[in-house]
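# Report on the structure
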Amino acid sequence: MAIKEQPKSPRFRIIANILLAVSGLFLLLNLFLPGLFASGPTGVPYSLFIHQVQEGEVNRVSVGQNQILYELKTENTEPAPVFATTPIFDLELPKLLEEKGVEFAATPPPKNTWFTTLLSWVIPPLIFIGIWQFFLARGGGGGPQGALSIGKSKAKVYVEGESAKITFADVAGVEEAKTELVEIVDFLKTPARFTQIGARIPKGVLLVGPPGTGKTLLAKAVAGEAGVPFFSISGSEFVELFVGVGSSRVRDLFEQAKKQAPCIVFIDELDAIGKSRSSNGFYGGNDEREQTLNQLLTEMDGFAAGDATVIVLAATNRPESLDSALLRPGRFDRQVLVDRPDLSGREAILKIHAQKVKLGDDVDLRAIATRTPGFAGADLANLVNEAALLAARNMRQSVAQEDFAEAIERVVAGLEKKSRVMNETEKKIVAYHEVGHAMVGALTTGNGRVEKISIIPRGMAALGYTLQLPTEDRFLMNEDELRGQIATLLGGRSAEEIVFNSITTGASNDLQRATDLAERMVTAYGMSKVLGPLAYQQGQQAMFLGNGGANPRRAVSEDTSKAIDSEVKEIVETAHEQALEILRQNRDLLEAIATQLLETEVIEGEKLHSLLSQVKPVAKTTADSVAS
Ligand code: ADP
Ligand code: MG
Ligand code: ZN
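Residues numbered from 1 in each chain as written. Chains lettered and ligands numbered in written order. Predicted model: local features only at pLDDT ≥ 70, side-chain atom pairs only at ≥ 80, totals over all residues. Heavy atoms only, no water.

### Topic: the site of ligand 1
Around ligand 1 lies a shell of 15 residues, among which A172, G212, K215, T216 and H353 are the nearest. Interatomic distance of 2.8 Å between a side-chain N/O atom of K215 and an oxygen atom of ligand 1. Looking at the shell around ligand 1, the elements that each hand over two or more residues are α7 (215-226), α12 (343-354) and α14 (377-393). Ranked by the residues each element gives to the shell around ligand 1, the list is headed by α7, at three residues. Along the lines of polarity and charge, the residues of the shell around ligand 1 split into seven nonpolar, six polar and two charged. Looking at which domains feed residues into the shell around ligand 1, each of domain 3 (156-337) and domain 4 (343-413) supplies at least three. (Near = heavy atom within 4 Å. Polar contact = N/O pair within 3.5 Å; in protein donor to acceptor, adjacent residues only side chain to side chain. Helix = DSSP H or I, 4+ residues; strand = E, 2+ residues; numbered from the N terminus. Nonpolar A, V, L, I, M, F, W, Y, C, P; charged D, E, K, R; others polar. Domains from an automatic or database assignment.)

The following block contains the structure:
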């Protein structure tokens, strides 16, 4: 669906060449024009002019490139007659003029040559601009912006009715996101209903989710449902070219949008401009991006309630990298998760895309959905297309189930390189692993509430995931909470140990994070009784770079270094024991939840809360006896 520049067709090349030739001709003509149309002053031959100079009759001379204008001496006060002559390449002229005491200068008075000046300086550039604009209008997808307006946003505007209107019916498998966005549609349709009772209309909604899950599609659907214009620009387009351009683009984009309000501004790849400012400070920062970000914040703060309804939707697949200033109230204070679809979601998406192809009678979309865990909406759209291509290649009249089977293999092969799909055994391991995180997380503090567990891969690295939403903003954590976090991180691996009696490589990221946290407790937060309240970390960068074992420590003695290691180890091991104990004591529940997760791929909301509320806490004495 992305709009690409159309390749310029040869016809337009030809037209451009003609225009170029015409403008070149103009330039050439210009050189001769004064000679041809020396209208105002009386034209005289050069020889006469030289004669008059030699005779001392000339008062002032103005030497131009194409014309020499001169004034004769007069006795009275009336304006002297002005004559013009065409210059001849004559190096002796200045010498001669000086000798005769004639006042002379090099540029002709413009009032006499406005016509030629106009021709030589204004028209050719105009022609070039014309050509440029012509191409922009052809290839750039339209818009009133001219070539010289580099700072103008290149936002593409979709107006209702233009291109096939996209609605919520075109999006499937992301029901929660749709539910939340229906509200935005209401705001856009009847803003008065909300402002009347003093409700503040949200300004920014952040669509968060992996690539291809339909974020762009959803944003268009919101505009389509509300019947409002849709401005779209990509974050990476803001930060190209010249310094300062990004911010003026943002300004211009919002200016345009406000004129067309109510409308939607969609910023794709928000992380390209909105990356956390502190996190890259280490590398010297990026002024351009920062300016652009600031301008965006200013614009978002600028339009107040009661103003024109402009709702900014933005998409990102890395919300954690965004600057916190963007997420404050009145900015992108709403986040909508657009996740990979589950089984029934995939079936629904397949249904949408299968409408575009001729399906054979034997096609079973449910079966296809079952075989495609981890596929995002875009992958499924791609799958349907692949199957149709295969059917055509096999000279079939409609797409058969076997075409789908073959297409799945192809698409999976492509996705496997990006490590997004897994086999049955892997799925099972991931299910227990995630339930392990969730169950330990449910019993320990410092984690926030577990909102969702999923074995549908998200992002590039994770296989499954457990989503915990903090119940409140946390700036300070105490030791117990940190230990709880570490235990939760180890919950996944602990579950694998208990159930399969072996461990996989899948937990390496968890272990890394757990170790980092423990190390920080000891070296930065002074939480170790053995080492005391001393900071053993150098400066701050270690915290930003957060690359674990590589933390540059303060120069410490060998003994201290050993002590740090053993303290970190103690913290991690205690947490590991705690996690193992919780899971052992709730073994039946672990089985039950994992089995259910394998079936539905996702468990969330109330259902999850009620399952997790059954986790029994560990009796203190047992935990101690295990730890010892
Ligand atoms: P994103 O912006 O999240 O990367 P897009 O919205 O650009 O994903 O999706 C690309 C294409 O994949 C869409 O145009 C659509 O054809 C298909 N697609 C993605 N998600 C869905 C979905 N949930 N339902 C239907 N089609 C989808
Ligand atoms: Mg997109
Ligand atoms: Zn894990």
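### Here's the deal with the sheet that holds strand β3 (residues 68-72)
Spatially, β1-β4-β3-β2-β5 is the arrangement adopted by the five strands of the open sheet, whose pairing is mixed. Unpaired on one side and paired on the other, β1 (42-43) and β5 (103-105) mark the two borders of the sheet. Bridging between β1 and strand β4 (residues 82-85) involves two bridges; their strand directions are parallel. Each bridged residue has a counterpart across the sheet, and for T42 the counterpart in β4 is F83. Strand contacts of helix α2 (residues 46-54): β2 (58-63), β3 and β4, with the helix running at about 40° to β3, the strand carrying the most contacts. (Pairing = 2+ DSSP bridges. Contact = heavy atoms within 4.5 Å. Axes fitted to C-alpha atoms, helices over the stretch in contact; angles between N-to-C directions.)

### Examining the coordination of the zinc ion (ligand 3)
At 2.0 to 2.1 Å from the zinc ion (ligand 3) lie its protein donor atoms, namely H433 (NE2), H437 (NE2) and D510 (OD). Between consecutive donor residues of the zinc ion (ligand 3), the sequence gaps follow H-x3-H-x72-D. Placement of the pair is H433 in helix α16 (residues 424-443) and D510 in helix α18 (residues 508-523), with a sequence separation of 77 residues. Overall, the relative accessible area of 6% leaves H433 in the buried class. (Donors = N, O, S within 2.8 Å, 3.2 Å for Na, K, Ca; no water. Buried < 20%, exposed > 50% of the residue type's maximum accessible area, 1.4 Å probe, protein only.)

### Some points on the side chain of D379
With respect to the secondary-structure elements, D379 resides in helix α14. Classification of D379 as buried rests on a relative accessible area of 10%. Only 2.8 Å separates the side chain of D379 from the backbone nitrogen of A376, close enough to count as a polar contact.

### Regarding the packing of aromatic side chains
The full count for this structure, using the stated rule, is six aromatic pairs. Relative to F49, the ring of Y46 lies with its centre 5.8 Å away and its plane at 55°, an arrangement referred to as tilted. Of this pair, Y46 and F49 both sit in helix α2, three residues apart, roughly one helical turn. Looking at Y46, the relative accessible area reads 12%, which means it is buried. By relative accessible area, which is 0% here, F49 ends up buried. (Phe/Tyr/Trp six-rings, centres within 6.5 Å; stacked < 30°, edge-to-face > 60°.)

### Describing the pairing of strand β10 (residues 310-316)
Along β10, seven of the seven residues are buried, which leaves the element largely enclosed by surrounding structure. Taking every second residue as pointing to the same face, both faces of β10 are buried, with V310, V312, A314 and T316 on one and I311, L313 and A315 on the other. Taken together, the five bridges between strand β9 (residues 263-268) and β10 define a ladder with parallel strand orientation. Paired with I264 across the two strands is I311, which belongs to β10.

### What about α16?
The end-to-end C-alpha distance of α16, which contains 20 residues, comes to 29 Å, matching closely the 28 Å that a straight helix rising 1.5 Å per residue would cover. The buried fraction of α16 is high, at 14 of 20 residues. (Expected span 1.5 Å × (residues − 1).)

### Examining a nonpolar patch on the surface
On the surface, I88, F89 and L91 cluster together into a nonpolar patch covering about 430 Å² of accessible area. Looking at where L91 falls in the secondary structure, it is placed in the loop between β4 and α3 (93-99). A relative accessible area of 67% means that L91 is categorised as exposed. (Patch = residues over 30% accessible without salt bridge, like charges linked within 9 Å, V, L, I, M, F, W, Y side chains within 5 Å. Areas by Shrake-Rupley, 256 points an atom, 1.4 Å probe, with all protein chains shown as cover. Salt bridge = Lys/Arg side-chain N within 4 Å of Asp/Glu carboxyl O.)

### Re the pattern of salt bridges
Evaluated as defined, the whole model comprises 18 salt bridges. Between R410 and E386 there is a salt bridge, and its shortest N-O distance comes to 3.7 Å. Of this pair, R410 sits in helix α15 (residues 401-417) while E386 sits in helix α14, and the two are 24 residues apart along the sequence. The partly exposed category is assigned to R410, whose relative accessible area is 39%. Close ionic contact of E604 with K452 constitutes a salt bridge, the shortest N to O distance being 4.0 Å. In this pair, E604 is assigned in strand β14 (residues 602-604) and K452 in strand β12 (residues 449-454), connecting sequence segments 152 residues apart. The class for E604 is partly exposed, based on a relative accessible area of 32%. Each of D339, K452 and E604 takes part in a single network of salt bridges with overlapping partners.

### Describing the side chain of D323
Position of D323 relative to the elements: it lies in the loop between β10 and β11 (334-337). Relative accessible area serves as the criterion here: at 7%, D323 is assigned to the buried category. In this structure the side chain of D323 is engaged in a polar contact, spanning 2.9 Å, whose partner is the backbone nitrogen of A325.

### Some points on the nonpolar core
The tendency in soluble globular proteins is for nonpolar side chains to be buried as a group. Grouped together as the largest cluster of nonpolar side chains are 46 residues, with contacts concentrated most on V435, M439, I453, I486, I593 and L612. Listed by contribution, the elements that provide at least two residues to this core are α16, β12, α17 (479-500), α18, α20 (558-585), α21 (587-600) and α22 (605-612). Per-element accounting of this core gives the leading share, ten residues, to α20. When neighbours within four sequence positions are excluded, V435 is seen to be in contact with I453, L590, I593, A594 and L597. Counting residues in each nonpolar core, the second largest holds 29 residues, with A177, V185, L188 and L207 among its members. (Core = buried A, V, L, I, M, F, W, Y, C linked by side-chain atoms within 4.5 Å.)

### Side note on unusual backbone geometry
Phi at M395 is positive, roughly 60°, even though this residue is not glycine. Relative to the helices and strands, M395 resides in the loop between α14 and α15. Residue classification places M395 among the exposed residues on the basis of a relative accessible area of 71%. In this structure, N501 is a non-glycine residue whose phi angle is positive, near 60°.

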